[in-house]
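# Structural overview for review
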Amino acid sequence: RIAAHESLGAFLCTDADVALAQAAAADAWRAKGVTSTAGAGHTLLGVPIAHKDIFVTRDFPSTAGSKMLAGYRSPFDATVVSRLSASGAVTLGKLNCDEFAMGGSNENSAWFPARNPWDTSRITGGSSGGSAAAVAARLVPAATGTDTGGSVRQPAAFTGITGIKPTYGRCSRYGMIAFASSLDQAGPMARSALDCAHLLQAMSGFDPRDATSAEQAVPDFVAVTTARREGASAERPLQGLRIGLPREFFGEGVTADVLAATRAALAELEKLGATLVDVSLPRTELSIPVYYIIAPAEASSNLGRYDGVRYGHRAKDFKDLGEMYRRSRSEGFGPEVKRRIMIGTYVLSHGYYDAYYLQAQKLRRMIADDFQAAFAQCDLIAGPVAPTVARALGSQNDPVAEYLADIFTLPASLAGLPGISVPAGFGAGGLPVGLQLIGNYWQEGALLHAGHALQ
Ligand code: GLN
């Protein structure tokens, strides 16, 4: 099926030998009486998955969608990868993404763009576009993605699947090729909230190899997702749940079709027992300049390691070391990555640090505080994932206009909060629309539960 749908550009590589060896190992476990219901450790026995190419893997090349890492093979597996393998999942290959996860369309992949299975002239969204295309086209039942500013939620929305970005610190970043370390989080993308719960279960947990991974107990996500709320009935499973609607998420800029689908999904949540309340996230608009200062700043630092010396692309002709660095980086990085490195080094430079970076950090704190004020009035927050349905491939040449489309996913990212995208219905052109639910810290279970009720 992957071969038959190669034109979607979802996969960057597959390896049947690796997959069959892992499948044989799963069979051997099963022969010993281990089943996928045998409890911790084997919950995904034999389930075929694939990883966003941001995760390093021993058995497959890892390029992060960049020429800089063409042909690179990691000597180790990312923690998320090894945990999913340990749970019995079978890895089919690596998935396309925007270069170093910088983008929202997958058009920034150095290799080729992923295409939306609902309309192949359209983007999948990004940066986890290959993951979204692969799940939506049923090439795999589930995949990993990463979300720095929306890269799990937005492509999930554009392709009609479910994706959750956990609380920052829930999943280890060890072996996730770094973009913006204070924002990067791994997340599962699958056909349903319940399937996401199964993956998240395996992916989560403290990892001593990641200094920002949290020592936070991991609940039984599958049990929480399917649990009966206190006072709820089978018909009204969300009875008593207060869902806050930030007025800034329903204003201008959102197209009428997306608004209609979002409102229809909210009406559905009401029917299921939830109460809708008005809340405000007054600094929503500021999340764009704040994110596009902090993320490039961290990226400029993280990408300093690609110097042509230790690994990655090295230019062929150079006179001296300086020219080797310069040429290797000029040849290896694509235009969006270069743009962000320039923005990042600018905002961190002497004289501008206080004016931009420090201000952005202060506002980031205020954005997080705004969420806490809103959560005093509600349990979850709901709104659109993106202002529009998936646009046509090649239809956006203005990087700033592209950044503006991240407005609804950036606030939760900056605050470190978990967010889920679940299918809300369809908009213009019959294209999928996602509903975003945002929870307080460590409340992934509540998001999965509400998403599951809706499905
Ligand atoms: N679209 C955002 C960006 O370009 C988010 C990317 C992401 O979450 N990796 O930075």
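All values reported here derive from a predicted model rather than from experimental measurement. (Residues numbered from 1 in each chain as written. Predicted model: local features only at pLDDT ≥ 70, side-chain atom pairs only at ≥ 80, totals over all residues.)

Across its full length, the chain carries 14 helices and eleven strands. Rg of the C-alpha trace for the chain: 21 Å, near the compact-globule value of 23 Å for 455 residues, within the 12% margin. Considering only C-alpha atoms, the chain reaches an extent of 75 × 60 × 45 Å along its principal axes. Sequence separation of at least 24 residues holds for 75% of the intrachain contacts in the chain that already meet a minimum separation of 6. (Helix = DSSP H or I, 4+ residues; strand = E, 2+ residues; numbered from the N terminus. Rg over C-alpha atoms; globule rule 2.2 N^0.38 Å. Contact = placed C-beta atoms within 7 Å.)

Attention now moves to the environment of Gly126. Turning to its location among the elements, Gly126 is positioned in the loop between β3 (90-95) and α3 (129-136). Judged by the 31 C-beta atoms lying within 10 Å of it, Gly126 is buried. Sequence separation between Gly126 and Gln239 is 113 residues; the distance between their C-alpha atoms is 34 Å. (Buried ≥ 20, exposed ≤ 12 C-beta atoms within 10 Å, placed from the backbone.)

All right, on to the packing of helix α8 (residues 287-302) against helix α10 (residues 335-348) then. Contact geometry for α8 and α10: axes closest at 7 Å, N-to-C directions at 100°. The orientation of α8 with respect to α10, classified from their angle, is roughly perpendicular. Contacts between α8 and α10 pair Ile293, Pro296, Ala297, Ala299 and Ser300 from the former with Arg340, Ile341, Ile343, Gly344, Thr345, Val347 and Leu348 from the latter. Among the residues making up the contact of α8 with α10, the classes are represented as eight nonpolar, three polar and one charged. (Axes fitted to C-alpha atoms, helices over the stretch in contact; angles between N-to-C directions. Parallel < 35°, antiparallel > 145°, perpendicular 65-115°, else oblique. Nonpolar A, V, L, I, M, F, W, Y, C, P; charged D, E, K, R; others polar.)

If you check helix α1 (residues 16-31), its first and last C-alpha atoms are 22 Å apart, about what 16 residues at 1.5 Å a residue would give, namely 22 Å. Gly33 sits one or two residues past α1 and shows a positive phi near 95°. (Expected span 1.5 Å × (residues − 1).)

Time to look at the confidence of the model for the chain. Averaged over every residue, the pLDDT of the chain is 97; the share at 70 or more is 99%. Of the two predicted TM-score estimates for the complex, the pTM is 0.98 and the ipTM is 0.98. (pLDDT = per-residue confidence, 0-100.)

Around the ligand, the structure places 13 residues, and the nearest of them are Ala101, Gly104, Thr148, Gly149 and Ser151. Tallied by class, residues from the shell around the ligand come to four nonpolar, seven polar and two charged. (Near = placed C-beta within 6 Å.)

Right, let's get into the environment of Gly205. Structurally, the position occupied by Gly205 is in the loop between α5 (193-203) and α6 (221-226). Separated by 122 residues in sequence, Gly205 and Arg83 have C-alpha atoms that sit 9.6 Å apart.

Attention now goes to the sheet that holds strand β8 (residues 275-279). Strand order in the open sheet formed by eleven strands is β1-β3-β2-β4-β6-β5-β10-β11-β9-β7-β8, with mixed pairing between adjacent strands. Looking along the sheet, the strands with just one partner apiece sit at the ends: β1 (11-14) and β8. Adjacent strand axes in the sheet meet at a mean angle of 30° when their direction is disregarded. Sheet topology places strand β10 (residues 419-426) next to strand β11 (residues 432-439); seven bridges connect them, and they run antiparallel. Bridged to Phe426 within β11 is Pro432. Those strands touched by α5 are β4 (142-147), β5 (162-165), β6 (185-190) and β10, and its axis lies near 145° from that of β6. Docked against the sheet, helix α7 (residues 256-271) engages β7 (242-246), β8, β9 (380-384), β10 and β11, running at close to 105° with respect to β10. (Pairing = 2+ DSSP bridges.)

Okay, the UniProt feature "active site" (unreviewed entry) in the chain next. When the UniProt feature table is mapped onto this chain, "active site" (unreviewed entry) is found at Lys52, Ser127 and Ser151. The annotated residues occupy 100 residues of the chain but converge on a single region, no pair of C-alpha atoms lying more than 10.9 Å apart. Tracing the sequence through the fold places Lys52 in strand β2 (residues 48-52). The class of Lys52 is buried, set by 33 C-beta atoms lying within 10 Å. Once residues within four sequence positions are removed from consideration, Lys52 is found in contact with Leu95, Cys97, Ser128, Gly130, Ser131, Ala143, Thr144, Gly145 and Thr146. Residue Ser151 is classed as buried on the basis of its 36 C-beta neighbours within 10 Å. (UniProt positions renumbered as here; feature names shortened; annotations may be inferred.)

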